[in-house]
Amino acid sequence: MKLTLKHFSILLLAAGLLLAGCSKDSTEPESEVESEVSKDSSLKRFSFQAASNTTLNVTCTSYGSGNIIYITVPEEVSLSSLVPTFTVHDSSTVTIDGKKVVSGVTAVDFSKTVTFKVTSEAGTASSYKVLARNGRSNIDNMIYPFMIKHDIPGISVAVSKDEETVYVGSYGFSNEEKEIRVNENTLFRLASMSKQHTAIAIMTLMERGLLDIDDTVFGKGGIMEEEFGDNMSRAWKNITLRDLLSHSSGIAQDCIFPSVSGYGGMTVEQRIARLLQTQENPGYDIGRFSYNNSNFGILGRVVETVSGMDFMEFLKKEVYSPIGIEDIYGGSNDRNKTRENECIYYAQGGKDAYGNDVEAGVAAGGVIASTPALMKLMAHLDYGTKVPDIFKKETLDLMYTAKEGMKTSSGAAWNRYGLGWRVNYPEITSWEAYHGGTLAGVCTIWARSKKNVNGVILCNSRSYDKGIDDEMWFILEDIQKLF
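Remember, predicted model here, so these are calculated numbers, not experimental data.

### A look at the overall build of the protein
Piece 1. If you tally the helices and strands in the protein, you get 13 helices and 17 strands.
Piece 2. Relative to a compact globule of 483 residues, whose C-alpha radius of gyration would be 23 Å, the protein shows 26 Å and is just as compact.
Piece 3. Projected onto its principal axes, the C-alpha positions of the protein cover 85 × 50 × 45 Å.
Piece 4. Of the contacts made within the protein by residues no fewer than 6 positions apart, 67% connect residues no fewer than 24 positions apart.
Piece 5. Looking at the protein as shown, the accessible area adds up to about 20,500 Å², and 47% of this sits on carbon and sulfur atoms.

Structure representation (structure tokens):
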């Protein structure tokens, strides 16, 4: 039922977003006031017609929202000289950089963002920014309605098949204010997709014999006994790495991206110490599934304790660089200190996109990456034969298998979380492992399928429509089916 409703709603949305239906039809009979000077400066339709462009064998239609127009041209067609077809009021004029443009006649360079200025007979003017790109319309036309519906400035999509990246889609603006377009190397926050990187770090240390998945973390004999001592309840002392990786540690309070006060400005070590001091017991019994960022904040500190290196330094030197991956980093809390080619994040609903401490919470939600880098990493984690996996099959099996004996809060069996990865999606059975990410200004997903087609979608904003995540999952599934 969900699939049917989702596809139906996207079709309706797409129909409504086509510029052909944006405003009153200019062919309607004149009213008594039509003789007045027109103030209509709207752009009603926009397309690239095959009849007006010798390089096109199909007509390319657009999607628009406000003053932004999105349109995809086939991959083999040059954007540098295309003739647009558009509709404005009969008395309006259209210019680009002061030069008049005639619909169906004037060739324009669309290899960069183009601003159309529509000026009415009365002198009122409206500007429209056209963001044309080369791509596959059967993929891109899934993305445009989604980004318009949810007011997402920029999106990056990548797909790999048989361990090779076969498609990268870059949509909208990475920085609206400066009008910087998303490109295939744009870096996005991953939010909770950072947790898979933490799981990879733990598995790396395990395969090197530096820890065991069932090692305890706190108390006497625990990995971090020296740092946090032994003065805590037995419940804390029983928590293992496996419990943390599967969100079944029993920890109830989030000390990484907390809804309670008291953790602001603290390092991750200070947050863990405060959690241990203020919570006599974790909150729940071990074995109960309760998704909590504290689990992965603690795991990040475990990586640092065991390796003697900063968390991201360890991943960079011991995981990414050896397999030729560069575009994965730790993020910054400061909008003015983003990395080169990193996008700006735009929160909705009155929230602050830079209000979460992603530096302290890097292991739970602060990693940034490009979509091609993520697809390259997935190729080393997918049981494939073209690209060597970084782990033994037994380690991959462990990571992608739900922990035995997990229960929900109601006591029902829970088999949908492995070690840092979600598994057993109930409605998309083709997926073997997947995960999403949610922070103010961030919306992300990636998935590995049984037919070795992997995909990722990264967004630099998030609406608070309850259906946004399901829409993303189903869009990614539909994209993966095309390969």
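### Re the sheet that holds strand β9 (residues 154–161)
Piece 1. If you trace the 6 strands from one edge of the open sheet to the other, you get β11-β10-β9-β17-β16-β15, paired in antiparallel fashion. Only two strands of the sheet have a single neighbouring strand rather than two, namely β11 (180–181) and β15 (431–439).
Piece 2. Across 8 bridges, β15 lies against strand β16 (residues 442–449) in antiparallel orientation. Looking at β16, one finds that A433 is bridged to R448.
Piece 3. Contacts from helix α2 (residues 137–149) reach β9, β10 (164–175) and β17 (453–459), with the element oriented near 30° to β10.
Piece 4. Packing of helix α11 (residues 371–379) onto the sheet brings it into contact with β9, β10, β16 and β17, and relative to β17 it is tilted by some 150°.

### Some words on the packing of aromatic side chains
Piece 1. Taken as a whole and assessed by the stated rule, the structure comprises 24 aromatic pairs.
Piece 2. Considering the side-chain rings of Y144 and Y171, the 5.8 Å spacing of their centres and the 90° angle between planes classify their relative orientation as edge-to-face. Residue Y144 is located in helix α2, and its partner Y171 is located in strand β10; the two are separated by 27 residues in the primary sequence. A single burial state applies to Y144 and to Y171, both of which are buried.
Piece 3. Taken together through their ring pairs, the aromatic side chains of F46, F48, F86, F110 and F116 make up a single cluster.
Piece 4. Here R288 stacks its cationic end above the ring of Y284, 3.6 Å away from the centre of that ring.
Piece 5. The ring of Y464 carries K351 above its face, with NZ or CZ at 5.3 Å from the centroid.

Rules used throughout
Residues numbered from 1 in each chain as written. Predicted model: local features only at pLDDT ≥ 70, side-chain atom pairs only at ≥ 80, totals over all residues. Heavy atoms only, no water. Helix = DSSP H or I, 4+ residues; strand = E, 2+ residues; numbered from the N terminus. Rg over C-alpha atoms; globule rule 2.2 N^0.38 Å. Contact = heavy atoms within 4.5 Å. Areas by Shrake-Rupley, 256 points an atom, 1.4 Å probe, with all protein chains shown as cover. Pairing = 2+ DSSP bridges. Axes fitted to C-alpha atoms, helices over the stretch in contact; angles between N-to-C directions. Phe/Tyr/Trp six-rings, centres within 6.5 Å; stacked < 30°, edge-to-face > 60°. Buried < 20%, exposed > 50% of the residue type's maximum accessible area, 1.4 Å probe, protein only. Lys NZ or Arg CZ within 6 Å of the ring centre and 35° of its normal.

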